[in-house]
Amino acid sequence: MKKAGLLLASVAMIPAFLTAPAFARDPYGYRPSSTILVTPEGDILGYTPEQNEVVISRDRMGRRVLFDHYGNLIATEVPAESYFPRNVPRGYPETVYENYPPQPRGWNDDQVVTGAIPGPETIDRQPLDEPAEDMPYGGPDMAPPAEQAAPRTVTPDIPVKSNLSQLEITALQTFLDREGISPGVIDGKMGQNVNKALVAYQQMTGETLDPNNAEDILERLRLSGGLAIISYTITPGDAAGPYVASIPEDYSQKAQLPALSFTSTTEMLAEKFHMDEAYLKALNPGVDFTIPGTIIKVVDPGKPKQGQVARIVADKGLKQVFAYAADGSLIAAYPASIGSADTPSPSGTVTVERIAFDPGYTYNPKINFQQGANDKILSIPPGPNGPVGTVWMALSRPTYGIHGTPEPSKIGRTQSHGCIRLSNWDATELAKMTKPGVTVEFID
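Here is what the cut-offs are and how they apply
- Residues numbered from 1 in each chain as written.
- Predicted model: local features only at pLDDT ≥ 70, side-chain atom pairs only at ≥ 80, totals over all residues.
- Heavy atoms only, no water.
- Helix = DSSP H or I, 4+ residues; strand = E, 2+ residues; numbered from the N terminus.
- Buried < 20%, exposed > 50% of the residue type's maximum accessible area, 1.4 Å probe, protein only.
- Areas by Shrake-Rupley, 256 points an atom, 1.4 Å probe, with all protein chains shown as cover.
- Pairing = 2+ DSSP bridges.
- Contact = heavy atoms within 4.5 Å.
- Axes fitted to C-alpha atoms, helices over the stretch in contact; angles between N-to-C directions.
- Parallel < 35°, antiparallel > 145°, perpendicular 65-115°, else oblique.
- Left-handed = near helix turned anticlockwise from the far one by under 90°.
- Nonpolar A, V, L, I, M, F, W, Y, C, P; charged D, E, K, R; others polar.
- Phe/Tyr/Trp six-rings, centres within 6.5 Å; stacked < 30°, edge-to-face > 60°.
- Core = buried A, V, L, I, M, F, W, Y, C linked by side-chain atoms within 4.5 Å.
- Expected span 1.5 Å × (residues − 1).
- pLDDT = per-residue confidence, 0-100.

J.: Could you give me a rundown of the overall build of the chain, with the residues and numbers involved?
T.: Each helix and strand counted, the chain has nine helices and 19 strands in total. Every one of the 444 residues in the chain was classed for burial, and the buried ones make up 52%. Roughly 19,500 Å² of accessible area belongs to the chain as shown, and the carbon and sulfur atoms make up 51% of that amount.

See the structure below:
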């Protein structure tokens, strides 16, 4: 690679194969005179990659994105004026969330095994008649053998005033989330995930939380970190991505993508702040989320819950997962999708075998039913929109695990295909508190 210093001066500093077409006039009224390469962390790339060292693609906004030959994002090409916008209000502090969105491949600060896209010479291709024992049933095409009847449905009855405002419900959801009792996606709406969280909060603390007492909820929010809605400044890294134009349904097309990344800035920000994407847009009407320096309103979910999990209980009827400490106290609770009548989860007690963040996924038509014309093993790249999301916690029962999902709004409202499916942020939080050997008990 040839070192070229910071790419600020002009388009001429970028090789011809990276030079972007003329950009339209930007929102600040300036025509970009140069382009720069921005890394996923929001920094300016300090060298010019050789053409044969990168794979060039485009995101949904038409910007060039550079990947290495293993699918790792190197940089996104953006106009210099979008990185250094003019006439943008200054003095707004940025909110820092240490662990969200999920960390890039190779991240390992807790001595856990991390997932990655294997190099071209390291792929273990198994014959179709020898399925991999640890392949997850996380995607939409998984079908383990039927073992039991459909789980019961349990509906906690929580009396809630009909005149609670959306912001009051948001405050309630945010407080529960900060306490480690996840309400699922924060959307300003009451529902079964919120009701289940209220019951779990009582189990954890021994006190009843009245959802109708807005003043009490606001005071609890103040003590736990402040108001539910805060201002956030969109960073160059937020705007740069990486993003993909869309996520195809066909697994062979998924396998051709360098990564199953977010499809938009709003999808990424919604996941970062535990929000429903439509609610994020509703809180910020008319906002262009792709412009760095833009001030938006988001939910402040607080820092991830910390602790050491000794036992996990997956309640199929409640569609909820409970994480307990060694002394039996409840650390956290999460809404979950756990099995179905056709593709049930196992019964009894198993253990966590290993934990992978940002895992890849192997599709095997001998284990999954054949999807379309796909009759060969396919390696699906990692990413938050992958079949198992950003986390895979393999269980001692082969092919089963606890994992994330590309569709957090469906958690607790739909059934899974045998595994325990959580939102990506809940799965990440649980995985960081869990070590191999922790028991997982499935109850009906």
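J.: Please set out the sheet that holds strand S11 (residues 330-335) residue by residue, giving values where relevant.
T.: The strand order across the open sheet built from nine strands is S11-S10-S9-S19-S13-S16-S17-S18-S12, with neighbouring strands paired in mixed fashion. One side of each edge strand has no neighbouring strand; the edge strands of this open sheet are S11 and strand S12 (337-338). In the sheet, strand S16 (residues 391-395) pairs with strand S17 (residues 401-403) via three bridges, with the strands oriented antiparallel. Paired with Trp392 across the two strands is His403, which belongs to S17. Each of strand S9 (311-315), strand S10 (320-324), S11, strand S13 (348-357), S16 and S17 touches helix H9 (residues 424-432); the most contacted strand, S16, lies at about 55 degrees to it.

J.: Account for the packing of helix H2 (residues 166-178) against helix H4 (residues 214-224), naming residues and giving values.
T.: One way to put it is that H2 packs onto H4 with a least axis distance of 9 Å and a crossing angle of 40 degrees. As far as their axial angle goes, H4 and H2 are oblique. Once H2 is placed against H4, the crossing between them reads as left-handed. Residues Glu168, Ala171, Leu172, Thr174, Phe175 and Arg178 of H2 form the contact with H4, whose participating residues are Ala214, Ile217, Arg220, Leu221 and Ser224. By residue class, the composition of the contact of H2 with H4 is six nonpolar, two polar and three charged.

J.: Give me the lowdown on the packing of aromatic side chains, citing residues and values where you can.
T.: Tallying each qualifying case throughout the model produces four aromatic pairs. Arranged with centres 5.0 Å apart and planes meeting at 70 degrees, the rings of Tyr232 and Phe273 form a pair that is edge-to-face. Remark: Phe273 occurs in the loop between helix H7 (265-272) and helix H8 (277-283) and Tyr232 occurs in strand S7 (residues 229-233); sequence separation between them is 41 residues. Of the residues examined, Phe273 reaches a relative accessible area of 0% and is grouped as buried. A centroid spacing of 6.2 Å and a plane angle of 90 degrees characterise the contact between Tyr251 and Tyr361, whose relative ring orientation is edge-to-face. One end of the pair, Tyr251, is in helix H6 (residues 251-256); the other, Tyr361, is in strand S14 (residues 361-363), with 110 residues separating them in the sequence.

J.: Which residues make up the nonpolar core, and what values do they have?
T.: With 29 residues, the main nonpolar core has Val321, Ile420 and Leu430 as its most contacted residues. Ranked by residue count, the leading element in this core is S13, at four residues. When neighbours within four sequence positions are excluded, Val321 is seen to be in contact with Ile312, Val313, Ala314, Ala332, Ala333, Tyr334, Ala336, Ile338, Ile420, Leu422 and Leu430. Grouped together as the second largest cluster of nonpolar side chains are 20 residues, Ala200, Leu209, Ala228 and Tyr324 included.

J.: Go over the sheet that holds strand S5 (residues 64-67), please, and point to the residues and values.
T.: Backbone hydrogen bonds are what pair the strands of a sheet, in a parallel or an antiparallel way. With antiparallel pairing, the four strands of this open sheet are ordered in space as S2-S6-S5-S4. A strand with exactly one partner marks an edge of an open sheet, and here the two such strands are strand S2 (35-38) and strand S4 (55-58). For this sheet the average axis-to-axis angle between neighbouring strands, irrespective of direction, equals 25 degrees. By the bridge criterion, four bridges tie S2 to strand S6 (residues 73-79) in an arrangement that is antiparallel. Residue pairing across strands places Val38 opposite Thr76, the latter belonging to S6.

J.: I'd like to hear about H2, residue by residue, with values.
T.: Between its first and last C-alpha atoms H2 spans 18 Å; for 13 residues at 1.5 Å apiece the expected length is 18 Å, and the two agree. Most of H2 sits out of view: ten of its 13 residues are buried. All of the buried residues in H2 are Ile169, Thr170, Ala171, Leu172, Gln173, Thr174, Phe175, Leu176, Asp177 and Arg178. On its buried side, H2 packs onto helix H3 (192-205), H4, S7, H8 and strand S8 (295-299). Phi turns positive one or two residues past the end of H2, at Gly180, with a value near 90 degrees.

J.: Which residues make up the environment of Tyr324, and what values do they have?
T.: Relative to the helices and strands, Tyr324 is located in strand S10. Tyr324 gets classed as buried once you look at its relative accessible area, which sits at 10%. Residues Tyr324 and Met204, spaced 120 residues apart in sequence, show a C-alpha to C-alpha distance of 9.7 Å. Not counting residues up to four positions away in its chain, the partners in contact with Tyr324 are Gln203, Gln308, Val309, Ala310, Arg311, Val313, Ser329, Leu330 and Ile331.

J.: So what's going on with the confidence of the model for the chain? Which residues, and what values?
T.: Summing up the model confidence of the chain, the mean pLDDT is 75 and the portion of residues at 70 or higher is 68%. Contacts from residues 82-153, a stretch scored under 50 in pLDDT, to residues over four places away or in other chains number 182 contacts.

J.: Give a description of the pairing of S5 that names residues and reports values.
T.: Burial along S5 is two-sided: the face carrying Arg64 and Leu66 and the face carrying Val65 and Phe67 are both buried. Here four bridges tie S4 to S5, and the two strands are oriented antiparallel to one another. Along S5, the bridge assignment pairs Ile56 with Leu66. Inspection of the sheet shows S5 paired to S6 by three bridges, in the antiparallel sense. Residue pairing for S6: Val65 is matched across the bridge by Thr76.

J.: Explain the side chain of Thr428 to me, and be specific about the residues and the numbers.
T.: By secondary structure assignment, the location of Thr428 is in helix H9. Judged by its relative accessible area of 2%, Thr428 is buried.

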